[in-house]
Amino acid sequence: MTVRIRIPAPLRSVTDGQAELTAHSDNVGQLLGELEARFPQIGPRLRDEDGALRRFVNLYVNGEDVRFLRGLDTDLKAGDEVSIIPAVAGG
Amino acid sequence: MDRYSRQTIFPEIGPDGQRRLLGSRVTLVGCGALGTVLANVLVRAGVGTLRIVDRDYVELSNLQRQILFDEDDARDGLPKATAAATKLARINSEILLEPIVEDFGPDNAERLVHDADVVLDGTDNFEARYVVNDVCVKLGRPWVYAAAIGSYGVVMPIVPGETPCLRCVFPQPPGAGAVDTCDTAGVLGPVPGVIANLAATEAIKLLVGAREHLALGLLWLDAWYNTIQRTPITAPVVDCPTCQQRTFEFLDGAGGRRATTLCGRDAVQVRPTRPGELALDALAERLSAVGTVRSNPHLLRLTVEGHDLTIFRDGRAIVKGTGDPTVARSLYARYVGT
């Protein structure tokens, strides 16, 4: 499935500056795997040592938090938009 | 009330709303890029009392985005809370302003928040934000989370007992080095301005009693890549440790770290082991033997060993020229004491 992923400013230093990417994944876990294969440094920014999503990073599929869907097993369909929303500190 | 005519004829505020604003009290935590814009809006809008808490002093690199400060403030190295209050008093002399030059943390949070109708987040670090969340949930004070970095920013109004709290949305703050800071990613001047103006709008809704119009959920935008979205997050998380189980681990964290690296700066803040008022005059005299000392009524600055130590009345120091807490602590011990 072709989905779009928005990379927020605080993570662009590990995606070669890219703000939006496309990927071909059937679920959120696969999508993270695909991102990690392309940008190895993004892995530790999104997941902890056990592979779970970090507790200061939220993933939204079409505006819904995957934590309240099926987590990393949340299905993706063509055209879905995935947003990565990390907690930010600046001010 | 002529000063406020443009917002009293706005029917959603009206004369009643204006009276509520004038009778209200706000605590602003942090007076940098977000905080100066928040303070500017609220003082012009006629918030009765504004308490401004900030631990830092004005520098030239602040002027790109921190709208209440000017070159004189930077040259004089004034505390931000003091410089902001001076400017704000010229904007609206009817407002009671309380500048507080302190580091907001577990030991003073309840004192600074207990009488506020609304608390505003102008901080630049997670440590302070999670203390704000704890104290506001504990005391039942509405607050507005706001943050900005690069071209990206977020805003979320939080009403304890009604909406999700910060920990419902971000269950844990990142550890040191886990996310970019304005140190590593920079910040586009207008972005904190946009974010703070949105946060101030939420504050005005809260203060005039228009809770039904709050922009509930997490609003985020990227001003360079042209995205703005609001993710509605309507219900608190059932097992949220803060707003459901009412445990306040950030507020109860005994004193926190003694030395903290500051966002966007080659600097570390060191707190005294025992809080207390420093006699700045006597200290200035003593330190003039070891390095260059400049002082104003609020702080003194010692230049020594390639570092600048800015020492405040409350015993804190900001050590510039290092990002290493150990180096900063040892300079503090050598020149200020333990």
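Residues numbered from 1 in each chain as written. Chains lettered and ligands numbered in written order. Predicted model: local features only at pLDDT ≥ 70, side-chain atom pairs only at ≥ 80, totals over all residues. Heavy atoms only, no water.

A. Seen up close, the overall build of chain A. Tallying secondary structure elements over chain A gives two helices and five strands in all. For chain A, the sequential pattern of α-helices and β-strands runs β-β-α-α-β-β-β. By the compact-globule yardstick of 12 Å for 91 residues, chain A fits well, its C-alpha radius of gyration being 12 Å. Buried positions account for 55% of the 91 residues belonging to chain A. Considering only contacts within chain A whose residues lie at least 6 apart along the sequence, 49% involve residues at least 24 apart. If you sum the accessible surface of chain A, you get close to 3900 Å²; carbon and sulfur atoms cover 48% of it. In chain A, 11 positive and 14 negative side-chain charges are present, and the distance between their average locations comes to 4 Å. (Helix = DSSP H or I, 4+ residues; strand = E, 2+ residues; numbered from the N terminus. Rg over C-alpha atoms; globule rule 2.2 N^0.38 Å. Buried < 20%, exposed > 50% of the residue type's maximum accessible area, 1.4 Å probe, protein only. Contact = heavy atoms within 4.5 Å. Areas by Shrake-Rupley, 256 points an atom, 1.4 Å probe, with all protein chains shown as cover. Lys, Arg positive; Asp, Glu negative; His and termini not counted. Charge placed at Lys NZ, Arg CZ, Asp CG, Glu CD.)

B. Highlighting unusual backbone geometry. Residue and element names in this part refer to chain B. Located in the positive-phi region is Asn226, a residue other than glycine, with phi close to 60°. Relative to the helices and strands, Asn226 resides in the loop between strand E7 (218-222) and strand E8 (227-231). In this model, Arg246 sits at a positive phi of 55°, which is unusual for a non-glycine residue. Checked against the element boundaries, Arg246 lands in the loop between E8 and helix H11 (249-252). Exposure remark for Arg246: the relative accessible area of 44% places this residue in the partly exposed category.

C. Quick peek at helix H12 (residues 280-287) of chain B. Residue and element names in this part refer to chain B. Residues of H12 that are buried: Leu280, Leu283, Ala284 and Leu287. Each buried residue of H12 sits inside an arc of 100° when the element is viewed along its axis, so together they form one side. Exposed positions of H12 whose direction lies more than 90 degrees from the buried face are Asp281, Glu285 and Arg286. (Arc of directions from axis to C-beta.)

D. Local environment of the domain arrangement of chain B. All names here are of chain B. Here chain B is partitioned into domain 1 (2-231) and domain 2 (259-335). Computed over C-alpha atoms, the centres of domain 1 and domain 2 are 27 Å apart. Listed as interface residues are 17 residues of domain 1 and, on the opposing side, 17 residues of domain 2. In terms of surface lost to domain 2, no three residues of domain 1 exceed Arg55, Tyr57 and Asp103, which account for 35% of the buried area on that side. (Domains from an automatic or database assignment. Buried area = accessible area lost by both parts, 1.4 Å probe.)

E. Inspection of the sheet that holds strand E1 (residues 25-29) of chain B at higher detail. All names here are of chain B. What the eight strands build is an open sheet, ordered E3-E2-E1-E4-E5-E6-E7-E8; its pairing is mixed. Edge positions in the sheet fall to strand E3 (96-100) and E8, since each has one partner strand and no second. On average, adjacent strands in this sheet sit at an angle of 15° to one another, irrespective of strand direction. Pairing geometry for E1 and strand E4 (residues 118-121), over four bridges, is parallel. Looking at the pairing, Val29 lines up with Asp121 of E4. Sitting on the sheet, helix H7 (residues 126-139) touches E1, E4, strand E5 (143-149) and strand E6 (152-158), and the angle it makes with E5 is about 170°. Across the sheet, helix H10 (residues 190-208) touches E1, E4, E5, E6 and E7, and the angle it forms with E5 is around 175°. (Pairing = 2+ DSSP bridges. Axes fitted to C-alpha atoms, helices over the stretch in contact; angles between N-to-C directions.)

F. Molecular detail of the nonpolar core. Counting residues in hydrophobic clusters, the biggest one holds 67 residues, and the most contacted among them are Ile5 and Ile84 of chain A together with Phe104, Tyr145, Phe170 and Leu218 of chain B. A per-element tally of this core places H7 of chain B first, with seven residues. With 50 residues, the next largest nonpolar core counts Leu21, Leu34, Leu88 and Val208 of chain B among its residues. (Core = buried A, V, L, I, M, F, W, Y, C linked by side-chain atoms within 4.5 Å.)

G. Seen up close, the interface of chain A and chain B. Chain A puts 27 residues into the contact, and the matching count from chain B is 36 residues. Summing both sides of the interface, chain A and chain B together bury roughly 2500 Å²; the carbon and sulfur share of this comes to 60%. Seen at the junction of chain A and chain B, the total is one salt bridge. Asp222 of chain B is paired through a salt bridge with Arg12 of chain A; the nearest N and O atoms lie 2.3 Å apart. Inspection of the chain A/chain B interface yields eleven residue pairs in polar contact (both at pLDDT 80 or more). Taken together, the elements giving at least two residues each to the side of chain A that touches chain B come down to strand E3 (57-61) and strand E5 (81-86) of chain A. (Salt bridge = Lys/Arg side-chain N within 4 Å of Asp/Glu carboxyl O. Polar contact = N/O pair within 3.5 Å; in protein donor to acceptor, adjacent residues only side chain to side chain.)

H. The packing of aromatic side chains, seen in detail. All names here are of chain B. Applying the stated criterion across every chain yields a total of five aromatic pairs over all chains. Between Tyr152 and Trp220, the aromatic rings sit 6.2 Å apart at their centres with planes inclined by 45°, giving tilted as the arrangement. Of this pair, Tyr152 sits in strand E6 while Trp220 is found in strand E7, placing the two residues 68 residues apart along the sequence. Take Trp220: its relative accessible area is 4%, and that puts it in the buried class. Taking the ring centre of Tyr57 as reference, the NZ or CZ of Arg301 above it sits at 4.4 Å. Over the ring of Phe312 we find Arg316, and its NZ or CZ is 4.3 Å from the ring centre. (Phe/Tyr/Trp six-rings, centres within 6.5 Å; stacked < 30°, edge-to-face > 60°. Lys NZ or Arg CZ within 6 Å of the ring centre and 35° of its normal.)

I. Structural context of the pattern of salt bridges. Evaluated as defined, the whole model comprises 31 salt bridges over all chains. In this structure, Asp65 of chain A and Arg67 of chain A form a salt bridge, with 4.0 Å as the shortest nitrogen-oxygen distance. With a shortest N-O distance of 2.9 Å, Arg316 of chain B and Asp314 of chain B are connected by a salt bridge. Using a relative accessible area of 2% as the deciding quantity, one classes Arg316 of chain B as buried. Connected via shared salt-bridge partners are Arg4, Arg6, Glu20 and Glu81 of chain A.

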